[in-house]
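# Inside the fold
Given next are the chains, with one letter for each unit.
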Amino acid sequence: MRPLIVIRRVPKIDFMRWHHFGFAFSALLSVLTVVLFLTQGLNYGIDFVGGTLIEARTQGPADLAAMRAKLDSLKLGEASLQQFGAANEVLIRLPQQPGGDAAQMQAVQKARDALGPGVEIRRTEVVGPSVGSELIRAGVLATVLALGAIMIYVWFRFEWQFGVGATVATLHDVITTVGLFAIFQLEFNLTTLAAILTIAGYSINDTVVIYDRVRESMRKHRTMPFRDLINLALNETLSRTILTVSTVALAVLALLIFGGEVLRGFSIAMLWGIVIGTYSSLFIAAPILYYVQPNRRAIAKEAAAEPRAERAAR
């Protein structure tokens with residue numbers, strides 16, 4: 001069986017020619033993200049800020065304006081309503097009420113009475129502010145630990161120079177994904193955080209494949225200029241990159257189209273992460289090696305020692 005081939009001949013694209021533009025674009029995105037995060041902030045979901053989530057079903061197509069008017073009359077704070085799947089399914093978010101859990105449950109009962117018997121309350125979730133703050137701390141800690149583990153893995157898998165490039169590229173992907181949610185004020189919840197950690201794993205996987213080809217090329221072409229060697233490795237892995245991006249993007253698009261409102265934030269984050277993760281592997285992680293310059297002599301010695309070790313083992 002012949003393998004699936006997207007590019008039958010290794011192209012000769014000069015990726016390194018554009019890496020300065022890549023650095024500038026990434027720096028602009030990162031600065032914009034930090035500015036928006038500090039000034040505008042994120043649209044945190046109930047998972048992080050606390051509040052009450054109510055899943056309701058109406059007998060016919062939901063009249064969101066009428067339902068919102070009924071809830072506003074209760075003076076429980078600004079209620080958020082949105083369709084959830086079918087036209088008769090609504091997701092209602094009520095802000096945190098002063099008075100603890102008893103006040104939250106009382107707010108749920110008031111909302112139930114105001115909406116009337118024609119609206120079926122299918123599910124309610126109450127998240128306190130202390131739980132939300134703990135989730136924020138746990139989410140930040142999980143992201144930092146994941147990035148640290150990635151750096152350590154790449155450091156031991158290759159050399160510290162590779163670890164620097166992989167960490168910078170992965171951090172870039174995480175920051176710009178947060179920036180996407182800050183720019184468009186998409187709801188940032190636990191599923192979004194899960195998407196960010198998944199993006200970090202996807203990005204490092206793509207980067208490691210390219211780095212592995214770079215190291216292999218360093219063993220084969222010991223006198224080739226390092227700039228040309230990086231271009232060669234990127235072109236040789238381009239077919240695999242296209243296949244990976246295409247298949248993952250198709251799966252995420254299916255989630256975005258058919259997954260409903262619950263998976264919308266996760267799908268948007270993943271779709272962005274696939275694009276930005278591939279971009280960072282090509283124009284951030286690989287070009288950084290050109291500036292930190294791995295020890296080519298040590299890698300060449302390892303390559304020369306391997307045949308001798310194999311002969312000795314026989």
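What counts and what doesn't
Residues numbered from 1 in each chain as written. Predicted model: local features only at pLDDT ≥ 70, side-chain atom pairs only at ≥ 80, totals over all residues. Heavy atoms only, no water. Helix = DSSP H or I, 4+ residues; strand = E, 2+ residues; numbered from the N terminus. Buried < 20%, exposed > 50% of the residue type's maximum accessible area, 1.4 Å probe, protein only. Contact = heavy atoms within 4.5 Å. Pairing = 2+ DSSP bridges. Axes fitted to C-alpha atoms, helices over the stretch in contact; angles between N-to-C directions. Phe/Tyr/Trp six-rings, centres within 6.5 Å; stacked < 30°, edge-to-face > 60°. Polar contact = N/O pair within 3.5 Å; in protein donor to acceptor, adjacent residues only side chain to side chain. pLDDT = per-residue confidence, 0-100. Core = buried A, V, L, I, M, F, W, Y, C linked by side-chain atoms within 4.5 Å.

Here we take up the overall build of the protein. A count of helices and strands for the protein gives 11 helices and 6 strands. Counting every position in the protein, which comprises 314 residues, the buried fraction comes to 43%. Pairs at least 24 apart in sequence give 77% of the contacts found in the protein among residues at least 6 apart.

The strand order E3-E4-E2-E5 describes an open sheet built from 4 strands, whose pairing is antiparallel. The strands lining the two open edges of the sheet, one partner per strand, are strand E3 (80-84) and strand E5 (119-127). When strand polarity is set aside, the average angle formed by the axes of neighbouring strands in this sheet is 20°. Helix H3 (residues 64-72) rests against strand E2 (51-58), E3 and strand E4 (86-94) of the sheet, and its axis sits at about 145° to E3.

Where burial is concerned, most of E2 is hidden: 7 out of the 8 residues are buried. With 8 bridges joining them, E2 and E5 adopt antiparallel strand pairing. Of the residues in E5, the one forming a bridge with leucine 53 is glutamate 125. By the bridge criterion, 6 bridges tie E2 to E4 in an arrangement that is antiparallel. Within E4, the position partnered with alanine 56 by the bridge is valine 90.

Per the stated rule, a full pass over the model turns up 9 aromatic pairs. Relative to tyrosine 291, the ring of tyrosine 290 lies with its centre 5.3 Å away and its plane at 85°, an arrangement referred to as edge-to-face. Tyrosine 290 gets classed as partly exposed once you look at its relative accessible area, which sits at 30%.

Below, the discussion takes up the side chain of glutamate 89. Residue placement: glutamate 89 occurs in strand E4. Residue glutamate 89 is classed as buried on the basis of its relative accessible area, which comes to 13%. For glutamate 89, the side chain forms a polar contact with the side chain of arginine 57, separated by 2.9 Å. Within the structure, the side chain of glutamate 89 is placed 3.4 Å from the side chain of arginine 122, a separation counted as a polar contact. The residues touching glutamate 89, leaving out its near neighbours within four places in the chain, are Ala56, Arg57, Gln82, Gln83, Phe84 and Arg122.

Of the residues in the protein, 87% have a pLDDT of 70 or more, and the chain-wide mean is 81. When the elements of the protein are averaged for pLDDT, helix H11 (residues 296-313) gives the smallest value, 55, and helix H1 (residues 19-39) the largest, 92. Across residues 308-313, where pLDDT falls below 50, the model places 0 contacts with residues more than four positions away in sequence or in other chains.

What follows is about the nonpolar core. Val154, Phe162, Tyr211, Val214, Ile230, Leu234 and Leu289 are the most contacted members of the largest nonpolar core, which totals 31 residues. Elements that contribute at least two residues to this core include exactly helix H5 (129-157), helix H6 (160-184), helix H7 (190-220), helix H8 (226-236) and helix H10 (264-292). Per element, the largest residue contribution to this core is 9 residues, and it comes from H10. Setting aside chain neighbours within four positions, we find phenylalanine 162 in contact with Val154, Tyr211, Val214, Met218, Leu289 and Pro294. The next biggest cluster of nonpolar side chains, apart from the first, holds 20 residues, and it includes Leu42, Phe181, Phe188 and Ile268.

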